[in-house]
Each structure stands twice: as structure tokens, then as C-alpha cells.
Amino acid sequence: MSESEWLRRCIDLAAENVADGGGPFGALVVKDGQIVSTGVNLVTPTLDPTAHAEVVAIRRACQELNTFKLDGCVLVSSCEPCPMCLSSSLWARVDRIVYAADRHDAAKAGFDDLAFYELFERPRDSWQLPVRQVSEVDGFKPFTAWLERPDRVEY
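Residues numbered from 1 in each chain as written. Predicted model: local features only at pLDDT ≥ 70, side-chain atom pairs only at ≥ 80, totals over all residues. Heavy atoms only, no water.

1. Concerning the sheet that holds strand E3 (residues 73-79)
On the basis of which strands lie adjacent, the open sheet formed by four strands has the order E2-E1-E3-E4 and mixed pairing. The open sheet has two edge strands, strand E2 (34-40) and strand E4 (96-101), and neither has a second partner. Shown here is a sheet whose adjacent strand axes are inclined to one another by a mean of 20°, direction ignored. Judged from the six bridges that link them, strand E1 (residues 26-31) and E2 form a sheet pairing that is antiparallel. (Pairing = 2+ DSSP bridges. Helix = DSSP H or I, 4+ residues; strand = E, 2+ residues; numbered from the N terminus. Axes fitted to C-alpha atoms, helices over the stretch in contact; angles between N-to-C directions.)

2. Considering the nonpolar core
Counting residues in each nonpolar core, the largest one holds 15 residues, and the members touching the most others are Ala 27, Val 29, Ile 58, Leu 70, Leu 75 and Ala 92. Broken down by element, this core gets its largest block of residues, five residues, from helix H3 (residues 53-65). Discounting chain neighbours no more than four positions away, the residues touching Leu 70 are Ile 58, Ala 61, Cys 62, Leu 65, Ala 92, Arg 93, Val 94 and Asp 95. Counting residues in hydrophobic clusters, the runner-up holds eight residues, among them Trp 6, Val 30, Val 74 and Val 76. (Core = buried A, V, L, I, M, F, W, Y, C linked by side-chain atoms within 4.5 Å. Buried < 20%, exposed > 50% of the residue type's maximum accessible area, 1.4 Å probe, protein only. Contact = heavy atoms within 4.5 Å.)

3. Looking at the layout of surface pockets
Over the atoms, a rolling probe the size of a water molecule traces out where space has been left empty. In this model, the largest pocket occupies a volume close to 290 Å³. Residue assignment for the lining of the largest pocket shows that the elements contributing at least two residues are helix H2 (43-46) and helix H6 (113-120). Broken down by class, the residue content of the lining of the largest pocket amounts to ten nonpolar, four polar and four charged. (1 Å grid on protein atoms, 1.4 Å probe; cavity = no way out; pocket = protein on both sides within 12 Å on 5 of 7 lines; lining within 4 Å. Points joined across faces, edges and corners; volume = space filled by probe spheres on them. Nonpolar A, V, L, I, M, F, W, Y, C, P; charged D, E, K, R; others polar.)

4. Describing the state of the cysteines
The final tally for this structure, using the stated rule, is zero disulfides. In this model Cys 79 remains outside any disulfide bridge; the closest cysteine sulfur is found in Cys 82, 9.0 Å from its own. (Disulfide = S-S within 2.5 Å.)

5. So, the environment of Tyr 117
Take Tyr 117: it is sitting in helix H6. On the accessibility criterion, Tyr 117 (14% relative accessible area) is buried. In this structure, Tyr 117 is in contact with Glu 80, Pro 81, Cys 82, Pro 83, Leu 86 and Arg 103, ignoring residues within four places of it in sequence.

6. Some points on the pairing of E3
Of all seven residues that make up E3, seven are buried, and the element is covered over most of its length. For E1 and E3, the ladder comprises five bridges, and the chain directions are antiparallel. Bridge assignment links Ala 27 to a residue of E3, and that residue is Ser 77. Across five bridges, E3 lies against E4 in parallel orientation.

7. Remarks on unusual backbone geometry
Residues other than glycine seldom take positive phi values, yet Leu 47 does so here, at roughly 55°. Counting through the fold element by element, Leu 47 comes out in the loop between H2 and H3. You will see that Asn 66, though not glycine, has its phi angle at about 55°, which is positive. In this fold, Asn 66 is placed in the loop between H3 and E3.

8. Examining the UniProt feature "domain: CMP/dCMP-type deaminase" (unreviewed entry) in the protein chain
The UniProt record marks residues 1-114 with the feature "domain: CMP/dCMP-type deaminase" (unreviewed entry), using the residue numbering of this structure. Secondary structure content for residues 1-114 is 46% helix and 23% strand, while the C-alpha to C-alpha distance between its ends is 30 Å. (UniProt positions renumbered as here; feature names shortened; annotations may be inferred.)

9. Overview of the environment of Asp 102
In this structure, Asp 102 sits in the loop between E4 and helix H5 (103-108). Since its relative accessible area comes to 27%, Asp 102 is described here as partly exposed. Separated by twelve residues in sequence, Asp 102 and Leu 114 place their C-alpha atoms 9.2 Å apart. The residues touching Asp 102, leaving out its near neighbours within four places in the chain, are Cys 79 and Glu 80.

Structure, rendered in C-alpha cells:
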């Protein structure tokens, strides 16, 4: 299958998900030209704000391939991944991402992707959601434990 065929598959998954009462997003993970997993937006049926199509596809691919590293894989999405999905892709170590619609299309349909991208460009002290470090506690303690563990699995 070509990238265009993968994208058409994602778009069809997204449209079917809308027909089933879900959100308009579909994704898949491809390795060596073969589809390893698919995902659709499951936010509302599962009441999980992290259940975006890309995250669902990444989780399923990791289970299918029995690994948490998806190097050698391509994430294909019906829409440009939001910052959370983009970060998940980076953590999963996919080789590349291809998508059809973009963040501006998502914004036209009422999704926050564009607003989140714009938020991350602003200083944190201007955000409506307060985010601050509290330095009166030893926040490095878990990292010390991690660094002292000789059998840790690096990721």
C-alpha cells in the first residue's frame, strides 16, 4: 500500500467512527509496508481524554509487536497529530508521521489542536492553567532511585 492508500484507510476509519458516534479521527501504524494496528478516537465512549486515534493505534501496535519502541514504523493519521499525540509519537520513537487534514481543519471542526499549539508558544505564566514547580520537596528522589537501579530498562 502507498501513503495515499494508508491515508484513505485512516479517513475511512474516521468517517466510520463518526457514524458509530465517535470522533472524526482515525490512525494506523505501519511497519515494513504492513498495517500493524489501527485506532479511532475513543474519547467519548471510553471517557478517556487521552484515547485519541493516534494514541490508540500506538498502544495497539506496541502490544502487537511486544515492544514500547516503534522504530521502523510509520504513524499515519487522518489529521495532523495534536501536541499530545505528537509527543506520544516521539516517545514511541516512530520513524515518521504522515497525515491528511491539518490543525486548521481540526479547529474549523471545533477541536482544540490549534489552540494548544498556540498555547505552547506562549510563556507558561500567561496560561490559564497554572503550571509551576514546587522546589521545597526532593523531586529528584525518583530519578536517583532510577539511576541506582542496575537492571533498569532504558527508553
